[in-house]
Protein chains: 2
Amino acid sequence: MPTDNHASMADVARLAGVSVATVSRALRGSPLVSAETTARVAAVAEELSFAISRAASGLARGRLGRVGVLIGSPLQTWFSGSVLDAVYARLALADVELTIFRAQDAAERDAFFTRLPVRRNVDALIVASFALTAAERNRLHSIGLPLVYLNQRVAGVPSVAIDDVDGTRQGVRTLLGLGHRRIGFVQTDLHRPGFVFSSARRVQGFHDAMDEAGVGEEDRILLVAPHPQAGDVVAQAVLSMTDPPTALAVDSDDLALNALVALDQVGIRAPRDLSVIGFDDHAHAGRMGLSTIAQPVDVLGTAAAELALTLAAGEVPEHPDVLVPTRVVLRLTTGPVPVREPR
Amino acid sequence: MPTDNHASMADVARLAGVSVATVSRALRGSPLVSAETTARVAAVAEELSFAISRAASGLARGRLGRVGVLIGSPLQTWFSGSVLDAVYARLALADVELTIFRAQDAAERDAFFTRLPVRRNVDALIVASFALTAAERNRLHSIGLPLVYLNQRVAGVPSVAIDDVDGTRQGVRTLLGLGHRRIGFVQTDLHRPGFVFSSARRVQGFHDAMDEAGVGEEDRILLVAPHPQAGDVVAQAVLSMTDPPTALAVDSDDLALNALVALDQVGIRAPRDLSVIGFDDHAHAGRMGLSTIAQPVDVLGTAAAELALTLAAGEVPEHPDVLVPTRVVLRLTTGPVPVREPR
DNA sequence: CTGTTAGCGCATTCAT
DNA sequence: ATGAATGCGCTAACAG
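Chain A appears in an unreviewed UniProt entry as DNA-binding transcriptional regulator, LacI/PurR family from Microlunatus flavus.

The subject of this paragraph is the pattern of salt bridges. Between side chains of opposite charge, pairing is possible as soon as their charged atoms come close. Within this structure, the stated rule accounts for 46 salt bridges over all chains. For Asp164 of chain A, the salt bridge identified is with Arg201 of chain A, shortest N-O distance 2.9 Å. Taken as a pair, Asp164 of chain A in helix α8 (residues 164–177) and Arg201 of chain A in helix α9 (residues 196–212) lie far apart in primary sequence, 37 residues in all. Take Arg201 of chain A: its relative accessible area is 23%, and that puts it in the partly exposed class. The partner of Asp219 of chain A in a salt bridge is Arg182 of chain A, with the nearest N and O atoms 3.0 Å apart. Separated by 37 residues along the polypeptide, Asp219 of chain A in the loop between α9 and β7 (220–225) and Arg182 of chain A in the loop between α8 and β6 (183–188) bring together distant segments of the chain. Linked by salt bridges that have partners in common, Arg54, Arg66, Asp95 and Glu97 of chain A together with Arg115 of chain B make up one network.

Attention shifts here to the pairing of strand β3 (residues 124–128) of chain B. Residue and element names in this part refer to chain B. Buried residues dominate β3, accounting for five of its five residues. Alignment of strand β1 (residues 66–71) against β3, held across five bridges, turns out to be parallel. Bridging from a neighbouring strand, Val69 pairs with Ile126 of β3. As a crossover connection, the stretch from β3 through helix α7 (residues 134–141) into strand β4 (residues 147–150) is right-handed.

Okay, the UniProt feature "domain: HTH lacI-type" (unreviewed entry) in chain A next. In this structure's numbering, the residues bearing the UniProt feature "domain: HTH lacI-type" (unreviewed entry) are residues 7–61 of chain A. Between the first and last C-alpha atoms of residues 7–61 of chain A the distance is 20 Å; the span itself is 67% helix and 0% strand.

With that settled, consider the protein's contact with DNA strand D. Around DNA strand D, the surrounding shell holds 27 residues, and the nearest of these are Thr22, Thr37 and Arg120 of chain A together with Met9 and Ser24 of chain B. Within 4 Å of the protein, the contacting atoms of DNA strand D are drawn from sugar and phosphate to the extent of 68%. Of all the secondary structure elements, the ones that give two or more residues to the surface near DNA strand D are α2 (20–27) and α4 (54–61) of chain A together with α2 (20–27) and α4 (54–61) of chain B. Its residues assigned to classes, the surface near DNA strand D shows 13 nonpolar, nine polar and five charged.

This part takes up unusual backbone geometry. Residues and elements named next belong to chain A. Note the cis peptide between Ala270 and Pro271, where omega equals 5 degrees. Here Pro271 is to be found in the loop between α11 (253–265) and β9 (275–280). In the Ramachandran plot, Asp280 falls in the positive-phi region, its phi being about 135 degrees despite a non-glycine side chain.

With that settled, the discussion passes to empty space enclosed by the protein. Enumeration according to the criterion identifies six cavities of 30 Å³ or more in this entry. Lining the largest cavity, in full, are Arg54, Ala55, Leu64, Arg66 and Asn121 of chain A together with Arg54, Ala55, Leu64, Arg66 and Asn121 of chain B. Elements supplying a minimum of two residues to the lining of the largest cavity: α4 of chain A together with α4 of chain B. Its residues placed into classes, the lining of the largest cavity shows four nonpolar, two polar and four charged.

Attention now goes to the interface of chain A and chain B. Taken residue by residue, the interface counts 55 residues in chain A and 55 residues in chain B. Buried surface at the junction of chain A and chain B, summed over both partners, amounts to about 4600 Å²; 47% is from carbon and sulfur atoms. Scanning the region where chain A abuts chain B turns up six salt bridges. With a shortest N-O distance of 2.5 Å, Asp85 of chain A and Arg102 of chain B are connected by a salt bridge. Residue assignment for the side of chain A that touches chain B shows that the elements contributing at least two residues are α4, α5 (78–93), β2 (97–102), α6 (106–115), α11 and α12 (285–288) of chain A. Here the element with the most residues in the side of chain A that touches chain B is α5 of chain A; it accounts for seven residues. In terms of residue class, the side of chain A that touches chain B is made up of 25 nonpolar, 16 polar and 14 charged.

What follows deals with the side chain of Arg102 of chain A. Turning to its location among the elements, Arg102 of chain A is positioned in strand β2. Within the structure, the side chain of Arg102 of chain A is placed 2.7 Å from the side chain of Glu108 of chain A, a separation counted as a polar contact. Within the structure, Arg102 of chain A has its side chain in polar contact with the side chain of Asp85 of chain B (distance 2.5 Å).

Turning next to the domain arrangement of chain A. Residues and elements named next belong to chain A. Considered domain by domain, chain A is made up of domain 1 (4–52), domain 2 (66–161 + 297–324) and domain 3 (164–296). Computed over C-alpha atoms, the centres of domain 2 and domain 3 are 29 Å apart. With 13 residues of domain 2 in contact, the opposing surface of domain 3 contributes eleven residues. A per-residue breakdown of the area domain 2 buries against domain 3 is headed by Trp78, Ala131 and Asn151, which together make up 46% of the total. In this assembly, domain 2 and domain 3 are joined by zero salt bridges. If you look at where domain 2 meets domain 3, you find five residue pairs in polar contact (both at pLDDT 80 or more). Of all the secondary structure elements, the ones that give two or more residues to the side of domain 2 that touches domain 3 are α5 and α13 (297–312). Here the side of domain 2 that touches domain 3 is composed, by residue class, of eight nonpolar, three polar and two charged.

This part covers the sheet that holds strand β6 (residues 183–188) of chain B. Residue and element names in this part refer to chain B. Strand order in this open sheet of six strands is β7-β6-β8-β9-β10-β12, and the pairing throughout is mixed. Lying at the two open borders of the sheet, with one neighbouring strand each, are β7 (220–225) and β12 (327–329). Across the sheet, the mean angle separating the axes of adjacent strands is 20 degrees when strand polarity is ignored. Direction of pairing for strand β9 (residues 275–280) relative to strand β10 (residues 291–294): parallel, over a ladder of four bridges. By the bridge assignment for β10, Phe279 is matched with Ile293. This element, helix α8 (residues 164–177), spans β6, β8 (247–250), β9, β10 and β12 of the sheet and lies at about 165 degrees to β9. Lying on the sheet, helix α11 (residues 253–265) is in contact with β6, β7, β8, β9 and β10; it crosses β9 at an angle near 150 degrees.

The rules behind the values
- Residues numbered from 1 in each chain as written.
- Chains lettered and ligands numbered in written order.
- Predicted model: local features only at pLDDT ≥ 70, side-chain atom pairs only at ≥ 80, totals over all residues.
- Heavy atoms only, no water.
- Salt bridge = Lys/Arg side-chain N within 4 Å of Asp/Glu carboxyl O.
- Helix = DSSP H or I, 4+ residues; strand = E, 2+ residues; numbered from the N terminus.
- Buried < 20%, exposed > 50% of the residue type's maximum accessible area, 1.4 Å probe, protein only.
- Pairing = 2+ DSSP bridges.
- Right-handed = clockwise from strand over helix to strand, strands pointing away.
- UniProt positions renumbered as here; feature names shortened; annotations may be inferred.
- Near = heavy atom within 4 Å.
- Nonpolar A, V, L, I, M, F, W, Y, C, P; charged D, E, K, R; others polar.
- 1 Å grid on protein atoms, 1.4 Å probe; cavity = no way out; pocket = protein on both sides within 12 Å on 5 of 7 lines; lining within 4 Å.
- Points joined across faces, edges and corners; volume = space filled by probe spheres on them.
- Contact = heavy atoms within 4.5 Å.
- Buried area = accessible area lost by both parts, 1.4 Å probe.
- Polar contact = N/O pair within 3.5 Å; in protein donor to acceptor, adjacent residues only side chain to side chain.
- Domains from an automatic or database assignment.
- Axes fitted to C-alpha atoms, helices over the stretch in contact; angles between N-to-C directions.

Rendered as structure tokens:
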């Protein structure tokens, strides 16, 4: 008596007058099944609101129809959320589910890497943008699970990454084009476990652009903020300099926005007194008019999902290392070099 | 030959010199297994980096160790992200996985409700904060899956919700306490499928507070913005009034922040010319100094996860309807009634 | 306390 | 083109 509840393939088979095997084949679109049978099975399945049990199907097939994403920061974060959105969309097209794994602090991180709960529970894992220790990386590689790194490159592992160096280079070039020469680069803490890699590469891009323009070391001002909320640190640093930069390229929009607010409070306005360009194109950058080096996170997520699906299917990706270009978006916080009198 | 790869319970059993059943029991901490056996099994499991196959375990137990969250908006959203963070944390404590289902537009919504892919693939589903049509609700209830509604109340379904009415009431009371009488309430579009319910209740709270204070209809100004980004609409509305309100209570922080920017651009400053209070305590409210009615999203998510776990375990929750209180957070955008001369 | 047996729901042989 | 049989890895009786 197949009630509305919990229809299984057996129920569908009974009602369609075929065997379970045929139902299985029909629903997977096997060419071995006649068109009419397939249609009948589909109709019955629909009527019963049949939904496949991924547990059973996965057990039998050895593939679970599920991809995991390992995130190193809170999900509430702009970056995490954006990546998840894009990954979700791509996976949905392939009818693959998304399961989240978070490692936002030492405890979660430890739990994840010692227990490796992804093992045998996803077909592939996307490791999103956080720096792994050598031990963690080894552990991850030892589990024989297809891996995709996002914003992190490791030899032999498929990855998708932003071109941090080129992005920053372009951003700084833009500042140089506006006439700035004495330029500061603000990076967020070097010991924060999350985004060290990108940060280092962005500094590299900064120097590249300055090199190109023939700007000497004396006009390159490197600042470090302890965390992305420390806008006040940036403001104080600028305020305390006898010869402050006329433009600032900042590590992330998050920090840039906080810096803008803090700078405003000490009477320094952008771009009147100081040009500011961020990195990311954070959801709130638009609202605040922040010029920025846009990181197309959706492209990143989509590409990562694509790779994960390919690997999960046991295929070899054609382009296992995707480099995603950035784009400079000029809004209201960048402008020409201020005339240094009013202060 | 148990390689490092893919250790199963059979491998553990062999190496520990016991049966698979014993391994299963030992790993689940059954009191039926002797302490030494349990220890030995645990040691071997650890050595082999054994991770259980949820597919197999779920199939055998009838419980999958997985909870789904259905989200009606992009995951990148402050609300979605915050809820997911809290839900994730609670589920992780119970060693339950989190799978995401998104229904951010008509297409995804349709796909979800016609196919109901959650069916037989999660132990419980948390439906986060979006208004369902009657048909959708019926469909959902027909699948015999434990359900938890978040910020939505339906008779007979366990739920966790913010006290929108009381929250807004408190917020408006605060404005009244500052001396304001002519107060505007800005709500976001009524036809947006997402958050209709909360919006209506928030209007209710506004009227309650005004009633209490004996403020007449003529001093209650209701505004509607088409979407949360339409801060300019708000600014224009205020600007165009001959007798504008001295304070604004806004539906959401998102809209309030956009309104602040737009108001600023037309020369209206908060709280000098106009007090503004938002709703949510969005991640960026703090940075912008926005006073707001804080919605403890983490509490919401934790409570929802708790309910989901209880229901998934087949138990009956003690308090199936949780009402979460809000809290007024005063920052920089609220102040006394301006002296109406300078304009 | 532990092992043996059966079965969860589906996909894949192998028959026919 | 379809059905019957077997097994995926685990858990839950049932024995002992």
